[in-house]
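The primary structure of each chain is shown beneath.
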Amino acid sequence: MADPELVRYTLDNGLRVVLAPDATAPVVGVSVHYDVGFRSEPEGRTGFAHLFEHLMFQGSESLEKLAHFRHVQSSGGTFNGSTHPDYTDYFEVLPSAALERALFLEADRMRAPKLTAENLANQIDVVKEEIRLNVLNRPYGGFPWITLPPVLYSTFPNAHNGYGGFEDLESATVDDCAAFFDTYYAPANAVLTVAGDFEVDNAKKLIEDHFGDVPHRPAPQRPSFAEPLPTTELRGEIEDAHAPLPALGIGYRMPDPINDVDSYLAYLVLAGVLTDGDGSRLQQRLVHREPLVVDIGAGAGLFGPFEARDPDTFTITLIHPHEVPRERVLAALDDELEKLAETPPSEEELRKVTARWAASLHSEHDRLVSRTLALGSFELLYGDASLVYRLADRMSAVTAEAVSAAAKALRPDARAVLVVKPASEGNNEQ
Amino acid sequence: MTSATHRSAEEIGRTARGPRPLPPLGEQRAAADLSHVDTTLANGLRVVAVRKATVPLVEARLWIPFAGDDALHPATAEVLAETILTGTARRNRIEIDAELALIGGDIGAGVDPERLVLTGSALAGKLPTFLDVLGDVLTGATYADEEIAREKERLVERIAVSRTQPRTIAREALQKHRYGDHPATREVPKAEDVAVVTPEQVRALHQASVLPRGSVMVLVGDLDPSGVIGELEKVLGGWASDRSAVRLPPLPDLTGPSVLLVPRAGAVQSQIRLSAQTVPRTDPGYAALQLANLAYGGYFSSRLVENIRENKGYTYSAHSGFEFTDGTAVVNVDADTATDATAPALLETRYELGRLGQVPPSGDELESVRQYAIGSLLTSTSSQAGLAGQVLALASTGLGLEWLNEHPARVAAVTADDVAEAALKYFAPKRFTGVVVGDAAVLERKLLALGDVVVGEPA
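Residues numbered from 1 in each chain as written. Chains lettered and ligands numbered in written order. Predicted model: local features only at pLDDT ≥ 70, side-chain atom pairs only at ≥ 80, totals over all residues.

Thoughts on the overall build of chain B
Moving on, step 1. Looking only at helices and strands, one finds 17 helices and twelve strands in chain B.
Moving on, step 2. Here the C-alpha radius of gyration of chain B, 25 Å, is about what a compact globule of 459 residues would show, namely 23 Å.
Moving on, step 3. Here the C-alpha coordinates of chain B stretch approximately 70 × 55 × 55 Å along the principal axes.
Moving on, step 4. In chain B, the proportion of contacts linking residues at least 24 apart, taken out of those at least 6 apart, comes to 81%. (Helix = DSSP H or I, 4+ residues; strand = E, 2+ residues; numbered from the N terminus. Rg over C-alpha atoms; globule rule 2.2 N^0.38 Å. Contact = placed C-beta atoms within 7 Å.)

Structure, rendered in structure tokens:
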């Protein structure tokens, strides 16, 4: 993909700005990425980063409760926010006439959010409902993103549940919110991205008008979340009250996503060689030839690649029938990794993976919301939004030997295996 | 908790300058007209091809009416969808996947009681290869015995997973409660039916029902609309039959029997699913109905969401929206709530239904849903995939790209009286039927006390 126009600069208060003009459709995307995710929340406050994300929608100095949603939607736009291991994003996609409104809304809550006890109590209830919906009341809820990290990691930031325990959520206070905001939601700790249909000079002026007087506060020192690699196979087991079939989540450590991009990309290509499409190694063998599993997938990151700094997780997840012993599945997996470690994949295997990646990057670029968010998260994590446009080429340059080396590094004695057991065989009504 | 000397929440929430006014909207540019062709091939397949060259890809959707009244039809259709891409006379399963992968492509198949849909995409420069694979599958899928056998096993296991999902359980209960044993209710086949499906039955179903006449193909992307029609005539020329694809028998109009409380012992959360008859996009009153629905529960700033989520915290997800089935439409209201909040949530849900007719949206509330309807159409059709989905939804009910282009003007012309009329006519609480799936031991007494609720398994 040819590099489209990209303008990057920093306001006096430290807010980094990425502008990506594109007039093909009369719509515009605006996002703000804050450099704090659930790995930064303190012990006793699991789920706080996500709870705080909810609160940021509940009003600010110029906006009553509910006004944010109403102003976005009555301008014809859509909005959302999401909390990741290392960042939290907020975004709007709107008809281009509403650009200034979106900037106003984001600036107002960056400057002066209303953090009240009433809104906190209400959003604790909403978040608990979200957790019931997405985790507690469904099969394989939170698998593997909540359940695998505590097996693979030993330190609180990496291991804990980012959705949070109910007790922790309930004990959150308004003062916690104030401290969290003052520490992490400084303009110097954020990236503003505008993509779509606008004039660069006009956008720059509007951004200065709305964000220019958000006072500078120093960005917090970013902690290292590094911890040693496992030196043995770590095993964990959970019971799932709703799951009808056993599942396995296998987690491995990966190269540093930020400082060793090309090695990281080799793991992504490996994931494709292993499980992308009917012709992939594990689909062919484990799903169709032997067959040992119902479904299998491999990938980088707990939510997807390019979402986190070091340490990041390479995961393989699978669901298998009761009668297939899990050790047989693991042995077949290790055998396939061994083969790749000994003999690098063919050029055609690589081209299949990289062509699909190229197409999916085009497709992501075509959806304004994902384009806006990708530019913002790459600026935040990598200090370089334009890397988004070079990913396809960097991925195509991954060699068969690098993929082979990645397979070799996925060793049984340096991984976590999470076993998901259906709670009651034959009775899954609970 | 992290910063030793931080400001208080009160200090954070105010500045010396004080609250600021909301900036006005700027000038809105209209979306560019897209060149397109909407035509029917010699084999009876309707094709809508749209040029939208934002990225070098093409998105493809093929919609084939696929109803059947045979008791084994849902299972056979599901096995067909799972195996249609597992081999042809020219390519085996792995060769199909490899050929698509090398062109950055994908094809997937999904089926429901109404239709079979093939969804795919590929790099635009490789469109001929993509269409060749697609044509090969449509005319030459072989359904090898061993592929059928393996996919049946996986399907049985997946059905087991699916039947534990609260949303699947609630959907099945709703379908049975509102439509009895109409073929439309058979969305997830029975595992025991899948087990007895034979390869011969799947091949026979392909012969009988994977038909071009009455079906629709949508192509959106970096393509030449007229040129691609010629290409399709060549590639799909061999896909032919005198018969037409099989449409679902008409659904009966909903008349609103009582809400059914379906017991799910020990559930921590309940599913509320209400439903009432409305009118489809072809109805002259649709735009007003669309705005009434948005105001009720169709977007986040709606009365329902503000009430039961933002004010009361009963739910994370509350929503109302249309379900279109072959020329008819219903409006569905969905909310998942904690067991304790279920009865109050149903009460508020019904209250808001009644209030919509009695105190209809006007003024700012009406302008908000109007702008949202127009703006969200702009944003949702700004990508190739989004536009392909929209055009398919329209084309499958006989409409075309013109409807999409004209719809903003229709929405702009809706009056407050039109919305009030639609609200009163379609959102009256007693028109709604539905189910609540949850822990009946805890819920029964309070829900029965609300009235118009009965307990039991769906008929």
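What to know about the overall build of chain A
Moving on, step 1. Counting its secondary structure elements, chain A contains 16 helices and eleven strands.
Moving on, step 2. Taken against the 2.2 N^0.38 rule, which gives 22 Å for 430 residues, the C-alpha radius of gyration of chain A at 23 Å falls within 12% of a compact globule.
Moving on, step 3. For chain A, the spread of C-alpha atoms along the three principal axes comes to 60 × 50 × 35 Å.
Moving on, step 4. For chain A, with 430 residues in total, the buried portion stands at 58%.
Moving on, step 5. Residue pairs in contact within chain A that sit at least 24 positions apart in sequence constitute 81% of those at least 6 positions apart. (Buried ≥ 20, exposed ≤ 12 C-beta atoms within 10 Å, placed from the backbone.)

Describing the domain arrangement of chain B
All names here are of chain B.
Moving on, step 1. Domain assignment breaks chain B into domain 1 (36-235) and domain 2 (259-455).
Moving on, step 2. Taking only C-alpha atoms, the centre of domain 1 and the centre of domain 2 are 29 Å apart.
Moving on, step 3. The interface of domain 1 with domain 2 comprises 26 residues on the first partner and 22 residues on the second.
Moving on, step 4. A total of eight residues in the side of domain 1 that touches domain 2 trace back to one element, the largest contributor, which is helix H6 (residues 166-179).
Moving on, step 5. By residue class, the composition of the side of domain 1 that touches domain 2 is 14 nonpolar, four polar and eight charged. (Domains from an automatic or database assignment. Nonpolar A, V, L, I, M, F, W, Y, C, P; charged D, E, K, R; others polar.)

Focus: the sheet that holds strand E4 (residues 106-111) of chain B
Sheet strands pair by backbone hydrogen bonding; their relative direction is either parallel or antiparallel.
Moving on, step 1. What the six strands build is an open sheet, ordered E1-E2-E6-E3-E5-E4 (chain B); its pairing is mixed. Each having just a single partner strand, strand E1 (36-40) and E4 of chain B make up the two edges of the open sheet. Each strand axis lies, on average, 10° off the axis of its neighbour in the sheet, ignoring direction.
Moving on, step 2. Where E4(B) and strand E5 (residues 115-123) of chain B come together, six bridges link them in antiparallel fashion. Residue B:Val111 lies in a different strand from E5(B), and its bridge partner there is B:Leu116.
Moving on, step 3. Sheet strands in contact with helix H13 (residues 347-366) of chain A are strand E3 (57-65) and E5 of chain B, and its direction is about 100° off that of E5(B).
Moving on, step 4. Most of the contacts of helix H2 (residues 73-83) of chain B go to E4(B), to which it runs at about 175°, and overall it touches E4 and E5 of chain B. (Pairing = 2+ DSSP bridges. Axes fitted to C-alpha atoms, helices over the stretch in contact; angles between N-to-C directions.)

Looking at helix H14 (residues 384-395) of chain B
It helps to recall that an α-helix has 3.6 residues per turn; residues three or four apart then point in one direction.
Moving on, step 1. Counted at 1.5 Å a residue, the expected span for H14(B) with its twelve residues is 16 Å, and the 16 Å between its end C-alpha atoms agrees.
Moving on, step 2. Residues of H14(B) that are buried: B:Gln384, B:Leu387, B:Ala388, B:Val391, B:Leu392, B:Leu394 and B:Ala395. Looking down the long axis of H14(B), one finds its buried residues gathered within 160° of arc, a one-sided arrangement.
Moving on, step 3. For H14(B), the secondary structure elements touched by its buried residues are H13 of chain A together with strand E2 (46-51), E3, strand E6 (216-221) and helix H15 (401-413) of chain B. (Expected span 1.5 Å × (residues − 1). Arc of directions from axis to C-beta.)

Notes on the domain arrangement of chain A
All names here are of chain A.
Moving on, step 1. Each domain of chain A was delimited in the assignment, giving domain 1 (7-211) and domain 2 (234-344 + 399-422).
Moving on, step 2. For domain 1 versus domain 2, the distance between C-alpha centres works out to 31 Å.
Moving on, step 3. Opposite the 15 residues of domain 1 that make contact, domain 2 presents 22 residues.
Moving on, step 4. In terms of residues, the side of domain 1 that touches domain 2 owes the most to one element, helix H5 (residues 149-152), which gives three residues.
Moving on, step 5. Here the residues of the side of domain 1 that touches domain 2 sort into ten nonpolar, three polar and two charged.

Points about the confidence of the model for chain B
Moving on, step 1. Put simply, chain B has an average pLDDT of 95, and 99% of its residues get 70 or more.
Moving on, step 2. For this predicted complex, the interface score ipTM comes out at 0.91, while the overall pTM is 0.92. (pLDDT = per-residue confidence, 0-100.)

Remarks on the interface of chain A and chain B
Moving on, step 1. At the junction of the two partners, chain A supplies 80 residues and chain B supplies 78 residues.
Moving on, step 2. Elements that contribute at least two residues to the side of chain A that touches chain B include exactly helix H2 (67-74), strand E5 (88-95), helix H3 (99-111), helix H4 (117-136), helix H8 (174-184), helix H11 (281-289) and H13 of chain A.
Moving on, step 3. At ten residues, the largest contribution of residues to the side of chain A that touches chain B is made by H13(A).
Moving on, step 4. Residue classes in the side of chain A that touches chain B are distributed as 35 nonpolar, 23 polar and 22 charged.

Examining the environment of B:Glu151
Residues and elements named next belong to chain B.
Moving on, step 1. Assignment of secondary structure puts Glu151 in helix H5 (residues 145-162).
Moving on, step 2. The class for Glu151 is buried, based on 24 C-beta atoms found within 10 Å.
Moving on, step 3. Taking C-alpha positions, Glu151 is 9.6 Å from Thr86, a pair spaced 65 residues apart along the chain.
Moving on, step 4. Contact partners of Glu151, with chain neighbours within four places excluded, come to Val79, Glu82 and Thr83.

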